[in-house]
Amino acid sequence: MPIASSSARVAISLHGVTIVQQGKGVLPDMNTSPLARENAQSHAPATAGEAAAAVMPKMQTESLSIYYGNFRAVADVTLPVRDRKITAIIGPSGCGKSTLIRSLNRMNDLIAGAHAGGKVMLDGEDIYASGIDVVDIRRRVGMVFQRPNPFPKSIYDNVAFGVRLYGRIPKAELDDIVETSLRRSALWDEVKDKLKQSAMALSGGQQQRLCIARAIAVEPEVILMDEPCSALDPVATLKIEELMQELKQDYAIVIVTHNMQQAARVSDTTAMMMMRADRAGEMIEFDETQIIFTKPRDKRTEDYVSGRFG
Amino acid sequence: MVVTKPLSTKLPTPLVRRMFQHGDVPFKIIIVLATLFTLALVVGVGVMLWLFTSVTRMDLGFSFVTSKTWNPTGSQFGALPFVVGTLITSILALIISVPLGVGIAIFLAELCPARLRAPLGVMVELLAAVPSVVFGLWGIFVFVPTVVKPLGNFLKNAFGTSGDVIDLPLFHGPFYGFSYLAAGAILAVMVLPTIAAISRDVLLAVPGSQREGAFGIGCTRWEAIWQVVLPYGLSGILGAVILGLGRALGETMAVTMVIGNVAQLSGSLLSPGYTMASVIANEWGESSTPAYASALLEIGLLLFIMSVLLNLLARLLVWSVQRRNPQQHA
Ligand SMILES: Nc1ncnc2c1ncn2[C@@H]1O[C@H](COP(=O)(O)OP(=O)(O)O)[C@@H](O)[C@H]1O
Ligand SMILES: [Mg+2]
């Protein structure tokens, strides 16, 4: 059973509000939540530990392979995801980009027959290790999908949804969380007068920003985005890109994109993936985005980013 | 400059396409006619029942519905026992079958391995194909003696007359098996496949992106089902329940075979009773006087009105749910 029961929920701190749930489990490291980190940095001088943390990536896959049944869709990927940076994953269709990004919060567990080999470290802890609370991993590593998928509930209830999973909290505090999340996802001004209206009435771009608000309301540490703009028009796309620059102040972001310009514009580091002869996807190059797009080491990367391929 | 011919002259149009070139118009006419025909049928049945029941309607007026004595030989026609019987058995059937049916649907759509989904689903659907007289026979010889009787006796001892736990009038009186309880239970089995199969289809139609959204934010499977998948399919599940209710209200044969067919008013689920559909089927052949026939027809009229009203109410419910949670871009 890949999904842990709710009884495994523990006391967690969302936005400084401590919500206690019975059950046993591992307490998430409070210092890793973005707000807590902010506070820690503004109050305390940099320590040796922090210096080390700056070097250690927020997430890191180690020789990660992912299989659908017997088919190996992703082979031996070692990819660091740095905190407060945007990591882009690019490559032709079917090379395993979605499979890879979905392994970072174990969404692949939902597909029957899918399994992983290797490790995915989150703050130095393997999220595929036994005894890991998958539900908590998914809260810490949030996800935004290709097509906006708001729930058919009000705008308010969409944003509050994830927070409410952790128990009842006072209305005023929930209101605060909803407002903060909507502000951070650059949607507040457009929806503040219609929070009770159905989220389905929003435009596609607004829905996608709502999904981002819904994801950040539970204070994740990493945000995964699988082609978040592919269903959006250029103006909405630009809004999301600006938003990503805002969000990277607080989060590690991983984005899969088909759009080379987008990868070049928004990301700090880029992973280039390619399908091998056996149809398994491998990462052929990983570097600073600027290098990937100006002087890549691999000829295939050069062909791909310059549009001579796929 | 290159002159190209218009596309339409280049491609030959097949005969069938030509016939339906203005396809929308004949299609619309067919649809409108079919709709009108259905509507006329419903209104026609209502009017027919209304006209043929003038004898009892004139003589008895509203007391036909409120009187509880049914004694055709003494020309006493009170339909209350049947109305109550129909309501009790139908509601009982829903109380049993809705949680069970939705539970089966959740299991089939969300929990069971994909390999088992099809065979189990077919089994549920087969249950819906069993003729009701067969359910009746099965009820008489198997279900009532082995399930309903022990259950009724248990309820009676625990909650009934001088009950061990508490005293509920709902479980009073002598109990011989044939009862509201037996009829309600049989009905539950009969509407179960309807509710389960339709609810399953509704749940399977909930987009995977909704589940991904739920899991992606840290829902457990339980939370994803209860807080995302079920609310998304709520209006469809309500529709399934309404279809089940419709079947329970009108079901005749199986109910007649296990309810005991006693025209009495009882507050106990353990006593025998009668339903509207059953009394019409059982006594139509013996209705010797115009008043008797008219009384039976008027019971039919009441059943008809009840069904129509319930359907309208249900539509309203579904509509209000949909309005609160629109699933499409508004
Ligand atoms: N649910 C699945 N079951 C089996 N194979 C899958 C599944 N999802 C994706 N694949 C296969 O895995 C490979 C990588 O797919 P995907 O990660 O979606 O690629 P990308 O996102 O780069 O286009 C493809 O060959 C695809 O057919
Ligand atoms: Mg993809």
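Placed above this text is the structure.
Residues numbered from 1 in each chain as written. Chains lettered and ligands numbered in written order. Predicted model: local features only at pLDDT ≥ 70, side-chain atom pairs only at ≥ 80, totals over all residues. Heavy atoms only, no water.

So, on to empty space enclosed by the protein. Scanning the entire structure with this criterion turns up 3 cavities of 30 Å³ or more. Quantified by volume, the second largest cavity comes out at close to 50 Å³. Elements with a minimum of two residues in the lining of the second largest cavity: α8 (204-216) of chain A together with α10 (208-216) of chain B. Of the residues belonging to the lining of the second largest cavity, the class tally is 4 nonpolar, 2 polar and 1 charged. (1 Å grid on protein atoms, 1.4 Å probe; cavity = no way out; pocket = protein on both sides within 12 Å on 5 of 7 lines; lining within 4 Å. Points joined across faces, edges and corners; volume = space filled by probe spheres on them. Helix = DSSP H or I, 4+ residues; strand = E, 2+ residues; numbered from the N terminus. Nonpolar A, V, L, I, M, F, W, Y, C, P; charged D, E, K, R; others polar.)

Grouped together as the largest cluster of nonpolar side chains are 60 residues, with contacts concentrated most on Met59 and Leu182 of chain A. For this core, the element with the most residues is helix α5 (residues 155-164) of chain A, which contributes 6 residues. One finds Ala79, Ile186, Leu269 and Ala295 of chain B within the second-largest nonpolar core, a separate group that totals 50 residues. (Core = buried A, V, L, I, M, F, W, Y, C linked by side-chain atoms within 4.5 Å. Buried < 20%, exposed > 50% of the residue type's maximum accessible area, 1.4 Å probe, protein only.)

This brings us to unusual backbone geometry. All names here are of chain A. Phi is positive for Asp76, which is not a glycine, with a value near 50°. Relative to the assigned elements, Asp76 resides in strand β4 (residues 71-77). You will see that Ala186, though not glycine, has its phi angle at about 60°, which is positive.

Let's shift gears to the site of ligand 1. All names here are of chain A. Surveying the vicinity of ligand 1 reveals the residues Tyr68, Phe71, Ala73, Ser93, Gly94, Cys95, Gly96, Lys97, Ser98, Thr99, Ile111 and Arg279. Here an oxygen atom of ligand 1 sits 3.3 Å away from a polar atom, N or O, in the main chain of Cys95. Here an oxygen atom of ligand 1 and a side-chain polar atom of Thr99 are 2.5 Å apart. For ligand 1, whose accessible area on its own is 560 Å², the fraction buried by protein is 65%. Elements that contribute at least two residues to the shell around ligand 1 include exactly β4 and α3 (97-103). Per-element accounting of the shell around ligand 1 gives the leading share, 3 residues, to α3. For the shell around ligand 1, the class distribution of residues is 5 nonpolar, 5 polar and 2 charged. (Near = heavy atom within 4 Å. Polar contact = N/O pair within 3.5 Å; in protein donor to acceptor, adjacent residues only side chain to side chain. Areas by Shrake-Rupley, 256 points an atom, 1.4 Å probe, with all protein chains shown as cover.)

Turning our eyes to something else, we now look at the pairing of strand β6 (residues 86-90) of chain A. Residues and elements named next belong to chain A. Buried residues dominate β6, accounting for 5 of its 5 residues. Neither face of β6 is left uncovered, since the one carrying Ile86, Ala88 and Ile90 and the one carrying Thr87 and Ile89 both have all their residues buried. Pairing of β6 with strand β12 (residues 269-275) involves 4 bridges; the strand directions are parallel. Pairing of Ile90 across the sheet is with Met272, part of β12. (Pairing = 2+ DSSP bridges.)

This next bit is on the pattern of salt bridges. All names here are of chain A. For the structure on display, the rule yields 26 salt bridges over all chains. Residues Arg72 and Asp76 are paired through a salt bridge, measuring 3.5 Å at the closest nitrogen-oxygen approach. For Arg72, a relative accessible area of 24% translates into the label partly exposed. Classification of Asp76 by relative accessible area gives partly exposed; the value is 47%. Across the pair Asp157 and Arg164 runs a salt bridge whose closest N-O atoms are separated by 2.9 Å. A residue is classified by how much of its surface remains accessible, and Asp157, at 24% relative accessible area, is partly exposed. A network of salt bridges, in which partner residues are shared, links Lys58, Asp123, Glu125, Arg140 and Glu221. (Salt bridge = Lys/Arg side-chain N within 4 Å of Asp/Glu carboxyl O.)

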